[in-house]
Amino acid sequence: MKMHFEGSSNVTLLFDFWDVRGPAGMVLSALVVLMLTVIYELLKVWKVSVGKQKLSFISRPPGPVSFSSEPSCCAPVINYQEGGSSLTNSPSEISLAPTENTTTTADTTAAAKKSLLLHCLQCAIHILQVTLGYMLMLCIMSYNVWIFLGVIVGSGLGYYLGWLFL
């Protein structure tokens, strides 16, 4: 196998059945590689946009934060009432008062599920992107100038088109 670039129209790409013989086959193969590279670049953009959506669910607080209107737990509270419990107005009793409502918990659960689904989608996109990237690298390792140019032009075109989608 030659380890330098050549401009031949005879090359085998990725698999034995993708055996290019002749100029027409080389043009078609370069266009296929160009399209695969555009898809690769669009997958990168899609993964970033899914990541941004996922971060919006993580960085946003799950709901309104409610504070108790009772006195602070650090403030001394000494009230002695006849016949009543001495812990009624103590700081420990105040700290046990419920401060959340149940709707924010349901919103938090829904946001966590959506964030998990977005993470799974981002993982699947990443697997596709890595697989396609290695396939394109193997195409370049055929050391054919026309296939190399197809990858370079496809990368530029895919980056340009991906920028339009952001």
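The written sequence of each chain sets the order in which its residues are numbered from 1. Since the coordinates come from a predicted model, pLDDT governs what is reported: local features require at least 70, and pairs of side-chain atoms require 80 or more to be given and counted, while whole-chain, interface and lining totals use all residues. Each side-chain value is worked out from all heavy atoms of the structure, with water and hydrogens disregarded.

Let us now look at the nonpolar core. Here, the term nonpolar core denotes a set of buried Ala, Val, Leu, Ile, Met, Phe, Trp, Tyr and Cys residues that are joined through side-chain atoms within 4.5 Å. Throughout this description, buried means an accessible area under 20% of the type-specific maximum (1.4 Å probe, protein chains only), exposed means over 50%, and partly exposed covers the range between. Grouped together as the largest cluster of nonpolar side chains are 15 residues, with contacts concentrated most on Leu13, Val33 and Ile147. The secondary structure listing takes helices from DSSP runs of H or I that are at least 4 residues long and strands from runs of E that are at least 2 residues long, numbered from the N terminus. Counting residues per element, the ones that place at least two in this core are α1 (23–59), α3 (102–140) and α4 (145–165). Not counting residues within four places of it along the chain, the set of residues in contact with Ile147 comprises Leu13, Met26, Ser29, Ala30, Val33, Cys139 and Ser142. Contact criterion: two residues are considered in contact whenever any of their non-hydrogen atoms come within 4.5 Å of each other.

In this section: unusual backbone geometry. Positioned with a positive phi, Leu14 is a non-glycine residue whose angle comes to about 60°. Its place among the elements puts Leu14 in the loop between β1 (10–12) and β2 (19–21). Of note in the backbone geometry, Tyr143 takes a positive phi value of approximately 60° without being a glycine. With respect to the helices and strands, Tyr143 occurs in the loop between α3 and α4.

Right, let's talk about the UniProt feature "transmembrane region" (unreviewed entry) in the chain for a bit. UniProt positions are given in the numbering used here, feature names are shortened, and annotations may be inferred rather than shown by experiment. Under the present numbering, the feature "transmembrane region" (unreviewed entry) in UniProt falls on residues 20–43, 116–137 and 143–165. The straight-line gap between the two end C-alpha atoms of residues 20–43 is 27 Å; of that span, 88% is helix and 8% is strand. Helix makes up 100% of residues 116–137 and strand makes up 0%, while its end C-alpha atoms are separated by 31 Å.

For the rest of this paragraph, the subject is the pattern of salt bridges. Salt bridges are defined by distance alone: a side-chain nitrogen of Lys or Arg within 4 Å of a carboxyl oxygen of Asp or Glu. Enumeration according to the criterion identifies two salt bridges in this entry. The shortest N-O distance in the salt bridge between Asp19 and Arg21 comes to 3.0 Å. The salt bridge partner of Glu41 is Lys44, with a shortest N-O separation of 3.4 Å. Pair noted here: Glu41 and Lys44 are both in helix α1, with a separation of three residues, about one helical turn. Judged by its relative accessible area of 6%, Glu41 is buried. Given a relative accessible area of 31%, Lys44 falls into the partly exposed group.

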